[in-house]
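The residues making up each chain are set out below.
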Amino acid sequence: APTQVSVAPGDKQVTIEWGPVAGATSYNVYWSTTDGVTKTTGTKIPYTTSPYVHGGLTNGTVYYYVVT
């Protein structure tokens, strides 16, 4: 699994960064506004690379992420 995951807030977006995994060429990001997000409960953003900018968000809302 990716390590060193960090999220930096912006205006209606967040930038997600993570450390590379040997042999991986892309990653899946799962997100939700509910704590405890998993691959089953989150919305999948496929084929991402680091850093990834997740836009179109609502300021003041808490978002949760998992990177696989």
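In what follows, the structure referred to is the one given above.
Some thoughts on the sheet that holds strand β6 (residues 64-67)
Right, so step 1: Taken in spatial order, the 3 strands line up as β4-β3-β6 in an open sheet, and their pairing is antiparallel. Two strands bound the open sheet, and with one partner strand each, they are β4 (43-48) and β6. Strand-to-strand twist of the sheet, defined as the mean angle between neighbouring strand axes without regard to direction, takes the value 20°.
Right, so step 2: Of the strand pairs in this sheet, strand β3 (residues 27-32) and β4 are connected by 4 bridges, and their pairing is antiparallel.

Focus: the pairing of strand β1 (residues 6-10)
Right, so step 1: Where β1 and strand β2 (residues 13-17) come together, 5 bridges link them in antiparallel fashion. Its bridge partner lying in β2, V7 is registered against I16.
Right, so step 2: Between β1 and β2, which pair antiparallel one after the other, the connecting turn spans 2 residues, and K12 there sits at a positive phi close to 60°.

Calculation notes
Residues numbered from 1 in each chain as written. Predicted model: local features only at pLDDT ≥ 70, side-chain atom pairs only at ≥ 80, totals over all residues. Heavy atoms only, no water. Pairing = 2+ DSSP bridges. Helix = DSSP H or I, 4+ residues; strand = E, 2+ residues; numbered from the N terminus. Axes fitted to C-alpha atoms, helices over the stretch in contact; angles between N-to-C directions.

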